[in-house]
Amino acid sequence: MWQVGAYDFKSVNGRTKAIIGAEYKNRKPDGVNLAIETIPAATWAVFSFNGSTGSEKYGEAYTRILTEWFPASQYKRDESVPNLDVYPPGKIDSNYIWEIWIPVVEKTI
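Treat the numbers as computed from the prediction; the structure is a model and nothing was measured. (Residues numbered from 1 in each chain as written. Predicted model: local features only at pLDDT ≥ 70, side-chain atom pairs only at ≥ 80, totals over all residues. Heavy atoms only, no water.)

Novice: Before we go on, may I ask you to explain the overall build of the protein in this structure?
Specialist: Summing up its helical and strand segments, the protein has 1 helix and 6 strands in all. The N-to-C order of helical and strand elements in the protein reads β-β-β-α-β-β-β. Expressed as a percentage of the 109 residues in the protein, the buried residues total 25%. Here the analysis covers contacts within the protein between residues at least 6 apart in sequence; of these, 66% occur between residues at least 24 apart. With an accessible surface of roughly 7,800 Å², the protein has 51% of that area assigned to carbon and sulfur atoms. (Helix = DSSP H or I, 4+ residues; strand = E, 2+ residues; numbered from the N terminus. Buried < 20%, exposed > 50% of the residue type's maximum accessible area, 1.4 Å probe, protein only. Contact = heavy atoms within 4.5 Å. Areas by Shrake-Rupley, 256 points an atom, 1.4 Å probe, with all protein chains shown as cover.)

Novice: Help me out: how do you make sense of the side chain of S73 in this one?
Specialist: Looking at the secondary structure, you find S73 in the loop between helix 1 (55-72) and strand 4 (75-77). Here S73 falls in the buried class, since its relative accessible area comes to 14%. Only 3.0 Å separates the side chain of S73 from the backbone nitrogen of Y75, close enough to count as a polar contact. (Polar contact = N/O pair within 3.5 Å; in protein donor to acceptor, adjacent residues only side chain to side chain.)

Novice: How do you make sense of the pairing of strand 5 (residues 83-87) when you look at a structure like this?
Specialist: The side chains of a regular strand alternate between the sheet's two faces. Within strand 5, 5 of the 5 residues are buried, which leaves the element mostly enclosed by the surrounding structure. Here strand 5 shows no split at all, with N83, D85 and Y87 on one side and L84 and V86 on the other all buried.

Novice: It is not clear to me how the packing of aromatic side chains should be interpreted in this structure. Could you clarify?
Specialist: Given two aromatic rings, one states the distance between the centres and the angle between the planes to describe the pair. Following the criterion strictly, the structure yields 6 aromatic pairs and no others. Aromatic pair W69 and F70: ring centres 5.0 Å apart, planes at 80°, arrangement edge-to-face. Given a relative accessible area of 29%, W69 falls into the partly exposed group. Judged by relative accessible area, which is 8%, F70 ranks as buried. (Phe/Tyr/Trp six-rings, centres within 6.5 Å; stacked < 30°, edge-to-face > 60°.)

Novice: How should I be thinking about the pairing of strand 6 (residues 97-106) in this particular structure?
Specialist: In the sheet, strand 3 (residues 43-50) pairs with strand 6 via 8 bridges, with the strands oriented antiparallel. By the bridge assignment, S48 is partnered in strand 6 with E99. By the bridge criterion, 3 bridges tie strand 4 to strand 6 in an arrangement that is antiparallel. Of the residues in strand 6, the one forming a bridge with R77 is V104. Here strand 5 pairs with strand 6 via 3 bridges, running antiparallel. Within the sheet, the bridge partner assigned to V86 lies in strand 6 and is E99. (Pairing = 2+ DSSP bridges.)

See the structure below:
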């Protein structure tokens, strides 16, 4: 089962909305109070990483995207759509591939 973390770009009262989600198959588990959130359609810059999803690797990934990729690209973040961290099924080892999806729009001059 795919798992996803979604993070709003804008904080409200110093807090960032985070959603931990999983693949939805038209049925919520019995006895569990879950909300269904829809992520809007967007153009995504998708970055794949191998191995650990630990905080050091995760922080390094975001730092490189924000300080290296964005300044050199023709895109900026689409702040109206949350970022996604995508974790496909599988064993988390050195061969595990996970992704960061960032919604983007073209930069205007």
